[in-house]
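Chain by chain, the residues run as shown.
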Amino acid sequence: MGQESSAPAPAPSHEQLAKELAHKFAEKCFTPLDIFSFKDVFKSLADHEHHVQYLKEDTIARFLEIPDILGVSPVLFQLVSHVGAFPFLQDAPAVLGAEQMIIVITIMTKRYERVLAKGAADRRKLLFRSMAVYDRKQPGPSENPGPSEAKLSGGDRGHEGDEDSNEEEPDELVLETLDYLDYGKFFKQQDSPSLHGALVPADNLRKLIMLLLLVASLDAQESLSLYSDRVSGDALHRLRSTAECVLAAFLDVERSPGINFARFNAVIPSSMPFLFDGFTPLFEHFLFSKHLDFHKHKDETKHVLLPVEVAQPLLQEEASIMTLDILSQLSFFIPGTSLFRRLRLLYSGDDDGFSMGSFETKVFNWRAPTILLIRGARLPDDTAHKSTASESAFLSALPPKRFRNGSGDENERLTFGLYVGQPWKHTNRECFGGEDTLLFQLEPIHDVFRASTINKDYVSYTKPSASTSHAGISFGCPPPTNTQTYRRSSTIALGTVSLVLDSSFEFGCFTHDYTSRGGAFQPSPVRDFDFQERFEIESLEVWGCGGDEEAKHQAEHWAWEAREAEARRRINLGTGDIEADRALLEMAGLIGQNRSGGSIM
């Protein structure tokens, strides 16, 4: 008798694979204490319908303490309910049962990296798909559905670009996940929602950015309600203004009413790679049960954070430019571990005076990275504008303006900055700074210009002297040459992507020569055109990044300077002999030889 050929095993259902994936994530990406806490939290929050336990939009928003005034709860719920359908995104939105929430938490906190090799790029695509809409007549997320409604509405999400879906490469993270489950052979050709025609509505992304600014500094078990003062009154207005600057990096209203994936995927890795990092502590709230008995888990409680009831100050002090919102914006491209509760104000032009002498005294002895911030008002291009003598002198030192402004509104406030990892010093023949140096703009548009690895003219600090062609601070420009007075260059040599501040800290000029290459900083990933900003400086600050050791060293230096100043003050000059008094001061090195005893430029 012939043997019957065995039939191939049938492909498992999407629901079966989702459960298996959730179980594997629970086993490999969480501790037993995490899972114990999650089950307790989920049980306390879940609604019931037809023997199904699930979480609703208002339940999640209330548990995470999302402020109502942000209007972001529907946006966040759309994102979560689509991530919950992973890896079968065509089944979204998912009913957020326990298995789906395990998948959500694993992806939103990046714990999936413990078992899957694919990294940020595919997670970024997943988050975009989860926020995108295809029907432009309905730009906002749908109302919160119950389990039955969610199942029915899963196929209602338009797919205008499905005809091109086969031309797109499959998501590597999805394929790796299916291979991880040993079912890749069944589902490699499964269609994900096409990116063709997909847009994230600008208003939705604006609301999400406001939330991400708010949670950027959040600790794993810190209550978001501790920062309620940031979403009321003038603070809310400042938060929204900062979000608008970040949103401007994504939005090109001349080309699209929303944000397409190409723009989304170009901006984030270069200008704000840590944009979504705040999701990690936010969604880790599901892993801390208020009913957990710590006495029964003494060996594991070392990994458990006790609830935080009082918010620790994120900044020791605010200043004209640096606020909590600017600090959060910086954390989108500088790791938050270097920023939150780690910054110290070293120099402020408002308090210390706008001079290179004050700058040097306050900044040069900081032995750790620093962040320099400059805010100013754009100088008008109108030839009828009557400029001051100092403005005319500065503009005459620049090459003729050939480029347009970087943004449309003539009266917009401009804020630029620099992150430099090396201590400040005088420039001789070479600039200083390393490949981690960042030149950036914060207002009115968020933009980051990363350092080149070839041209290393990162930072130049040159004080005025008879042999210096052009004094001041520059970023991305060749250092000023030391020449004879009669051989000085009449104009400043501007780098292709550069920022120049004059020696009196009155004026600045940012140049973005997009069509040229070879500069110390890379061109913008956001603005693919040439532009230049000339502005009058209103505020200038330098903040030190570091810990107690750096602060101690700086405090010791400032104490020494205070003692020297006091020694000068106490010199007894009441002899009546002016020439003898002058001789005494010259012997002490306090006057004479171009010294006046006061602040030195």
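A quick note: this is a predicted structure, and the numbers were derived from the prediction, not measured.

### Brief notes about the overall build of the protein
Right, on to step 1. When helices and strands are tallied, the protein shows 19 helices and 14 strands.
Right, on to step 2. Sorting the 601 residues of the protein into buried and exposed places 51% on the buried side.
Right, on to step 3. Surface exposure of the protein reaches about 29100 Å², of which carbon and sulfur atoms provide 49%.

### Some remarks on unusual backbone geometry
Right, on to step 1. Omega for the peptide link from Phe86 to Pro87 comes to 5 degrees, which places this bond in the cis form.
Right, on to step 2. Within the secondary structure, Pro87 is located in the loop between α4 (73-83) and α5 (98-108).
Right, on to step 3. Omega for the bond connecting Glu443 with Pro444 falls within 30 degrees of zero, at -5 degrees, which places this linkage in the cis form.
Right, on to step 4. Mapped onto the fold, Pro444 is located in the loop between β8 (438-443) and β9 (447-450).
Right, on to step 5. Even without being glycine, Glu65 reaches a positive phi, approximately 60 degrees.

### Thoughts on the environment of Ile326
Right, on to step 1. Along the chain, Ile326 turns up in helix α14 (residues 324-330).
Right, on to step 2. Accessibility expressed as a relative area gives 5% for Ile326, which makes it buried.
Right, on to step 3. In this structure, the C-alpha to C-alpha distance between Ile326 and Thr242, residues 84 residues apart in sequence, is 7.2 Å.
Right, on to step 4. If we skip the residues at most four places from it in the chain, Ile326 touches Ile321 and Leu442.

### Let's talk about the packing of helix α3 (residues 57-64) against α4
Right, on to step 1. Their axes nearest at 10 Å, the elements α3 and α4 cross at an angle of 110 degrees. Between α3 and α4, the interaxial angle falls into the category roughly perpendicular. Here α3 contributes Glu57, Ile60, Ala61 and Leu64 to the contact with α4, which in turn contributes Ser73, Pro74, Leu76 and Phe77.

### Structural notes on the packing of aromatic side chains
Right, on to step 1. On inspection of all chains with the given rule, the structure shows 25 aromatic pairs.
Right, on to step 2. A ring pair is formed by Phe416 and Phe535, whose centres lie 5.6 Å apart and whose planes are at 25 degrees; its orientation type is stacked. With Phe416 in strand β7 (residues 413-420) and Phe535 in strand β14 (residues 531-545), this residue pair connects regions lying 119 residues apart in the sequence.
Right, on to step 3. In this structure Phe416 comes out as buried when scored by relative accessible area, which is 0%.
Right, on to step 4. Overall, the relative accessible area of 0% leaves Phe535 in the buried class.
Right, on to step 5. Counting every residue linked through ring pairs, the aromatic cluster contains Phe63, Phe128, Phe250, Phe261, Phe264, Phe276, Phe279, Phe283 and Phe286.
Right, on to step 6. We note Arg404 situated over the ring of Phe529; from NZ or CZ to the ring centre the distance is 3.9 Å.

### Focus on the pattern of salt bridges
Right, on to step 1. The full count for this structure, using the stated rule, is 14 salt bridges.
Right, on to step 2. Salt-bridge contacts for Asp277 lead to Lys110; the nearest nitrogen and oxygen are separated by 3.4 Å. Taken together, the residues Asp277 in the loop between α12 (261-271) and α13 (279-283) and Lys110 in the loop between α5 and α6 (120-131) connect sequence positions 167 residues apart.
Right, on to step 3. The partly exposed category is assigned to Lys110, whose relative accessible area is 28%.
Right, on to step 4. Where Arg230 meets Asp325, a salt bridge forms, and the shortest distance between an N and an O atom there is 2.9 Å. Note that Arg230 is positioned in the loop between α10 (202-215) and α11 (233-250) and Asp325 in helix α14, a separation of 95 residues in sequence. Each member of the pair, Arg230 as well as Asp325, carries the same accessibility label: buried.
Right, on to step 5. Here the salt bridges share partners, and the residues they tie into one network are Asp203, Arg206, Lys207 and Glu244.

### Things to note about the packing of helix α1 (residues 14-29) against α5
Right, on to step 1. Relative to each other, α1 and α5 sit at 50 degrees, their axes nearing to 9 Å. As the angle between them shows, α1 and α5 are arranged oblique. Read as a crossing pair, α1 and α5 show a hand that is left-handed. Along the contact surface, α1 presents Ala18, Lys19, Leu21, Ala22, His23, Phe25, Ala26 and Cys29, while α5 presents Glu99, Ile102, Ile103 and Thr106.
Right, on to step 2. Per-class residue counts for the contact of α1 with α5 are 8 nonpolar, 2 polar and 2 charged.

### Focus on the nonpolar core
Right, on to step 1. Ranked by internal contacts, the top residues of the largest apolar core, which has 113 residues, are Phe250 and Phe286.
Right, on to step 2. If you tally residues by element for this core, the top one is α10, at 10 residues.
Right, on to step 3. Of all hydrophobic cores here, the second largest spans 36 residues; its members include Val363, Leu414, Phe416 and Tyr461.

### A short note on the confidence of the model for the protein
Right, on to step 1. Per-residue pLDDT for the protein has a mean of 82; in total, 75% of the residues score no lower than 70.
Right, on to step 2. In the predicted structure, residues 136-167 sits below a pLDDT of 50 and forms 50 contacts with residues beyond four places in sequence or in another chain.
Right, on to step 3. Note that pLDDT drops below 50 for residues 294-305; the model gives that stretch 11 contacts with residues more than four away or on any other chain.

### As for the environment of Leu17
Right, on to step 1. Turning to its location among the elements, Leu17 is positioned in helix α1.
Right, on to step 2. For the pair Leu17 and Leu178, spaced 161 residues apart in the sequence, the C-alpha separation amounts to 8.6 Å.

### Some remarks on the pairing of strand β11 (residues 472-475)
Right, on to step 1. Burial along β11 is two-sided: the face carrying Gly472 and Ser474 and the face carrying Ile473 and Phe475 are both buried.
Right, on to step 2. Across 4 bridges, the pairing between strand β10 (residues 459-462) and β11 is antiparallel. By the bridge assignment, Ser460 is partnered in β11 with Ser474.
Right, on to step 3. Both β11 and strand β12 (residues 497-502) contribute to a ladder of 4 bridges, which runs antiparallel. Across the sheet, Ser474 pairs through a bridge with Val500, a residue of β12.

### So, the pairing of strand β13 (residues 507-512)
Right, on to step 1. The buried count for β13 comes to 6 of 6 residues, which makes it a mostly enclosed element.
Right, on to step 2. The two faces of β13 match: Phe507, Cys509 and Thr511 on one face and Gly508, Phe510 and His512 on the other face are all buried.
Right, on to step 3. In this structure, β12 lies alongside β13, joined through 5 bridges in antiparallel fashion. When the sheet's bridge partners are listed, Leu499 is paired in β13 with Phe510.
Right, on to step 4. A loop of 4 residues connects β12 with β13, the two strands running antiparallel in sequence, and Phe505 in this loop sits at a positive phi of about 55 degrees.
Right, on to step 5. Where β13 and β14 come together, 6 bridges link them in antiparallel fashion.

Conventions adopted
- Residues numbered from 1 in each chain as written.
- Predicted model: local features only at pLDDT ≥ 70, side-chain atom pairs only at ≥ 80, totals over all residues.
- Heavy atoms only, no water.
- Helix = DSSP H or I, 4+ residues; strand = E, 2+ residues; numbered from the N terminus.
- Buried < 20%, exposed > 50% of the residue type's maximum accessible area, 1.4 Å probe, protein only.
- Areas by Shrake-Rupley, 256 points an atom, 1.4 Å probe, with all protein chains shown as cover.
- Contact = heavy atoms within 4.5 Å.
- Axes fitted to C-alpha atoms, helices over the stretch in contact; angles between N-to-C directions.
- Parallel < 35°, antiparallel > 145°, perpendicular 65-115°, else oblique.
- Phe/Tyr/Trp six-rings, centres within 6.5 Å; stacked < 30°, edge-to-face > 60°.
- Lys NZ or Arg CZ within 6 Å of the ring centre and 35° of its normal.
- Salt bridge = Lys/Arg side-chain N within 4 Å of Asp/Glu carboxyl O.
- Left-handed = near helix turned anticlockwise from the far one by under 90°.
- Nonpolar A, V, L, I, M, F, W, Y, C, P; charged D, E, K, R; others polar.
- Core = buried A, V, L, I, M, F, W, Y, C linked by side-chain atoms within 4.5 Å.
- pLDDT = per-residue confidence, 0-100.
- Pairing = 2+ DSSP bridges.

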